[in-house]
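Here is what each chain is made of, one letter per residue.
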Amino acid sequence: MSLTRHFNRGRDLARSASDCASDMFAPLTVIGRGLRVQADWARGRWAATPKDRRGPTLFLSAAVLLGIYLLPHGPLIAVLALMASAAWAGRAPKAAPAEPGPDAADLRLTALYAALTPYLGGVDEPSPLYSLDGSYKSAFSAWEFDAAGRMTALDLAYPAYFTDTEASARAKIEQVVQSKAGRAREYRFDWDEESNRLRITALAPLPTDIAAQHFVTTPGEIVLGFTDELGSHRTIPVHQGGDTVQQPPVIWRTGPRSAEPHLLALGAAGQGTSTLIRSIALQALPYGDLVLIDGAGTGEHACLVNRPGVYTVETSLHGALAALEWAAKETERRIAALSTARHHGVTPPEDVSRPLWLLLDHPTELSELAHAEGRPDPQDLLEVPLRQGRAARVTVVIADDLAARDRISTTVRATTRARVVLGPPGAEAAEAALGVPLDIAPAAQMPPGRGYARIGTALPVRLQVPATVDPLDEEAPPQLRDAVITLLPHRDTRTEADADVEPAPTQPAAQASVPAEAAARGPVVELTKDTAPVRPRTAWRV
Ligand SMILES: Nc1ncnc2c1ncn2[C@@H]1O[C@H](COP(=O)(O)OP(=O)(O)OP(=O)(O)O)[C@@H](O)[C@H]1O
């Protein structure tokens, strides 16, 4: 042990002595190295001097040395000059500048250029924009990268013969760009077909922390969600993260003057179509009445049961058929009443002008059941409200699974001109859901409630639905549940007093008075999953 200590101590001493010595003798080392350099130089010169000139050279050198010797302090000056020049020649050579590392942007753009070449390169072209031995600088004119080295924008040219009018050709390019630039983000593709240029922009994520709340809109306007500044020129004040900020909403205008009186929302499973229905219901209830059909029967809309203005929340095929038959007759009754009022030049009664909402969550499940049982398809019963509902202020909202889009009836597809798709859709599914190809490449993963909306013939815009959780979902964050409870008609608590439900009128003639009664009735439901009944009201039982 002690031997090791001695050994270590000795080694430390030796190391510090050598450090000291090297510091002390550093000037001598430099001069010595310089003298060696000079000697090498002199030897080289001597070897390079032709033999016949060596004698005169030697003689001249000797004469110079003699002259120096004879000068006052000549030898001392000569020695000092020699030492100084040796110190200069022997100084440590400058470290060679480090080779610049490869530029990340350069590498990424080169990789993207190479990946696009098979799709945009011309085989027989004399000077193609894209070729195997070409440079990205020939086709890419501008680019931007963020601090993390990720591409945020790119401007590129493509050859005129590229079939930029074909959705499938575009989709291939968009797929390549997204795979090279990172699938975690969304990209907007602006194809300038006239000048054969493509502008690619990476899109910042939309905020996901906007909860259900009272939005500042006019009656008939429904906030489907929020978008970016490209998607809306309007902003509304929103409570977000404990503050009030301005956010651009996606507004859907309903009512008799709306060109898009009905909405179809499709979404991948778990991406938030039921949440969208709940969000619409909460915005519609202050101004109208609603019938809700929950085809999946999951009870996700039980919080609306027996609320003022909510006629019914149906989960069974039987109840759904009864409710929809009533809705069809109610639409016809409203049309007749409106036409009579117009004929007599009087204001239509309030019960025909109060908006009526038919909200159907996963109706294709009921369609399948109806088909199996040989009963009428609930979607067929929507024909009258869909076709004549606009004048009668009857608005239909249908939400279903993206995978069930083929089971959506032709009438529904033809009459729902406001469209939403939630979740990351493929190019084909997006086109089927929105009616036009999507010029945005969705991120591989999207939070619930994220998708795209298209109102009428406008271009699709990005959409984030406000977080409108089921207040009966005990796993949902309490503040989000409370936000929804606050908006339910007759804001109350989870301990609302139980009360007998007044029997609804049973005569068809009395159906017109249902809205007024529904509005007048007080809170009657206890907000718990066990006791909230989901049952049809007797008014439209068949
Ligand atoms: N906009 C949103 N913000 C926050 N959370 C959301 C949003 N939309 C949905 N969620 C959450 O995602 C989950 C699934 O939502 P939801 O039930 O609405 O989806 P869905 O599409 O109807 O599902 P399914 O098709 O399986 O019935 C729920 O926990 C819900 O709270």
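Residues numbered from 1 in each chain as written. Predicted model: local features only at pLDDT ≥ 70, side-chain atom pairs only at ≥ 80, totals over all residues.

## Here's the deal with the UniProt feature "binding site: ATP" (unreviewed entry) in the chain
This is how it is decided: UniProt positions are given in the numbering used here, feature names are shortened, and annotations may be inferred rather than shown by experiment. Counting from the N terminus, the helices are the DSSP runs of H or I reaching at least four residues and the strands are the DSSP runs of E reaching at least two. Three exposure classes are used. Buried residues have 20 or more other C-beta atoms within 10 Å of their own C-beta, exposed residues have 12 or fewer, and partly exposed residues fall in between, all C-beta atoms being placed from the backbone. Contact criterion: two residues are in contact if their C-beta atoms, reconstructed from the backbone, are within 7 Å.
Mapped onto this numbering, the UniProt entry annotates "binding site: ATP" (unreviewed entry) at Gly 267, Ala 268, Ala 269, Gly 270, Gln 271, Gly 272, Thr 273 and Ser 274. Topologically, Ala 269 is positioned in the loop between β9 (263–267) and α7 (273–284). The exposure class of Ala 269 is exposed, given the 9 C-beta atoms found within 10 Å. Mapped onto the elements, Ser 274 comes out in helix α7. For Ser 274, the residues in contact, after removing those within four places along its chain, are Glu 300, Asp 361 and Ala 399.

## Notes on the UniProt feature "domain: FtsK" (unreviewed entry) in the chain
This chain's UniProt record puts "domain: FtsK" (unreviewed entry) on residues 247–431. Structurally, residues 247–431 is divided into 41% helix and 22% strand, and its ends, taken at the C-alpha atoms, are 27 Å apart.

## A look at the packing of helix α2 (residues 26–48) against helix α4 (residues 74–90)
What counts here: Interaxial angle, 0 to 180 degrees, is taken between N-to-C directions of lines fitted to C-alpha atoms, where a helix line uses only the stretch in contact. In these notes the angle categories are as follows: under 35 degrees is roughly parallel, over 145 is roughly antiparallel, 65 to 115 is roughly perpendicular, and the rest is oblique. Residues are sorted three ways: Asp, Glu, Lys and Arg are charged, Ala, Val, Leu, Ile, Met, Phe, Trp, Tyr, Cys and Pro are nonpolar, and all the rest, Gly among them, are polar.
At a minimum axis separation of 7 Å, α2 and α4 run at an interaxial angle of 90°. Taken together, the axes of α2 and α4 lie roughly perpendicular to each other. Here Val 30, Ile 31, Gly 32, Arg 33, Gly 34, Leu 35, Val 37 and Gln 38 of α2 come into contact with α4, specifically with Met 83, Ser 85, Ala 86, Ala 87, Trp 88, Ala 89 and Gly 90. Counted by class, the contact of α2 with α4 contains nine nonpolar, five polar and one charged residues.

## Re the nonpolar core
Cut-off, in case you're wondering: Think of a nonpolar core as buried Ala, Val, Leu, Ile, Met, Phe, Trp, Tyr and Cys residues chained together by C-beta atoms that fall within 7 Å.
By size, the foremost hydrophobic cluster in this structure holds 82 residues, and its most contacted members are Leu 359 and Val 397. If one sorts the elements of this core by residue count, helix α8 (residues 317–344) sits on top with nine residues. Ignoring sequence-local partners within four residues, the contact set of Val 397 consists of Leu 263, Ile 277, Ile 280, Trp 357, Leu 359 and Leu 360. If you look at the next biggest cluster of nonpolar residues, it comprises 21 residues, including Ile 173, Val 177, Tyr 187 and Ala 202.

## Thoughts on the environment of Lys 51
By the element assignment, Lys 51 lies in helix α3 (residues 51–70). Along the backbone, Lys 51 and Asp 401 are 350 residues apart, and their C-alpha atoms lie at a distance of 99 Å.

## Let's talk about the packing of helix α5 (residues 104–120) against helix α6 (residues 167–181)
Definition in use: Two helices that cross are described as forming a left-handed crossing if the nearer one is turned anticlockwise from the farther one by less than a right angle, and a right-handed crossing if clockwise.
At a closest axis distance of 10 Å, the pairing of α5 and α6 adopts a crossing angle of 160°. On the basis of their axis angle, the class for α5 and α6 is roughly antiparallel. Read as a crossing pair, α5 and α6 show a hand that is right-handed. Together, Ala 111, Leu 112, Ala 115, Leu 116 and Tyr 119 of α5 and Lys 172, Ile 173, Val 176, Val 177 and Lys 180 of α6 make up the contact between the two elements. The residue makeup of the contact of α5 with α6, split by class, is eight nonpolar, no polar and two charged.

## Section: α2
So the rule is basically this: To estimate how far a helix should reach, multiply one less than its number of residues by 1.5 Å.
Between its terminal C-alpha atoms α2 stretches 33 Å, which fits the 33 Å expected from 23 residues at 1.5 Å a residue. Burial analysis of α2 places just one of its 23 residues in the buried class, a small minority of the element.

## Regarding the pairing of β9
Put simply, the test is: One requirement defines pairing of two strands: DSSP has to find at least two bridges between them.
Counting buried positions along β9 gives five out of five residues, so the element sits mostly inside the fold. The two faces of β9 match: Leu 263, Ala 265 and Gly 267 on one face and Leu 264 and Leu 266 on the other face are all buried. Two elements, β9 and strand β13 (residues 394–401), share five bridges in a ladder whose sense is parallel. Its bridge partner lying in β13, Leu 266 is registered against Asp 400. Two elements, β9 and strand β14 (residues 418–422), share five bridges in a ladder whose sense is parallel. Each residue of the ladder has a partner; that of Leu 263, found in β14, is Ala 418.

## Some thoughts on the domain arrangement of the chain
Which entries qualify depends on this criterion: Here the limits of each domain have been adopted from an automatic or database domain assignment.
Its domain assignment divides the chain into domain 1 (104–203) and domain 2 (221–540). Facing twelve residues of domain 1, the contacting portion of domain 2 comprises ten residues. Put simply, the parts of the chain that give the side of domain 1 that touches domain 2 at least two residues each are α6 and β3 (186–192).

## Focus on the environment of Thr 457
Following the sequence through the fold, Thr 457 ends up in the loop between β16 (450–455) and β17 (461–464). C-alpha of Thr 457 to C-alpha of Ala 259: the two residues are 198 residues apart in sequence and 9.7 Å apart in space.

## What to know about the pairing of strand β7 (residues 243–247)
Within a regular strand, side chains alternate between the sheet's two faces. Where strand β6 (residues 236–240) meets β7, five bridges bridge the pair, whose relative direction is antiparallel. Bridge pairing in β7 links Ile 236 to Gln 247. Where β6 folds back onto β7 in an antiparallel hairpin, the turn is made up of two residues, including Gly 241, whose phi is positive at roughly 55°.

## Some remarks on the sheet that holds strand β4 (residues 197–203)
A sheet is described by the order of its strands in space; here five strands give the open sequence β1-β2-β4-β3-β15, paired in antiparallel fashion. Each edge of the open sheet is held by one strand with a lone partner, namely β1 (140–145) and β15 (440–441). In this sheet, β4 lies alongside β3 in antiparallel orientation, the contact comprising seven bridges. Each bridged residue has a counterpart across the sheet, and for Asp 190 the counterpart in β4 is Arg 199. Packing against the sheet, α5 makes contact with β1 and β2 (151–157), and its axis sits at approximately 130° to β1. Docked against the sheet, α6 engages β2, β3, β4 and β15, running at close to 140° with respect to β3.

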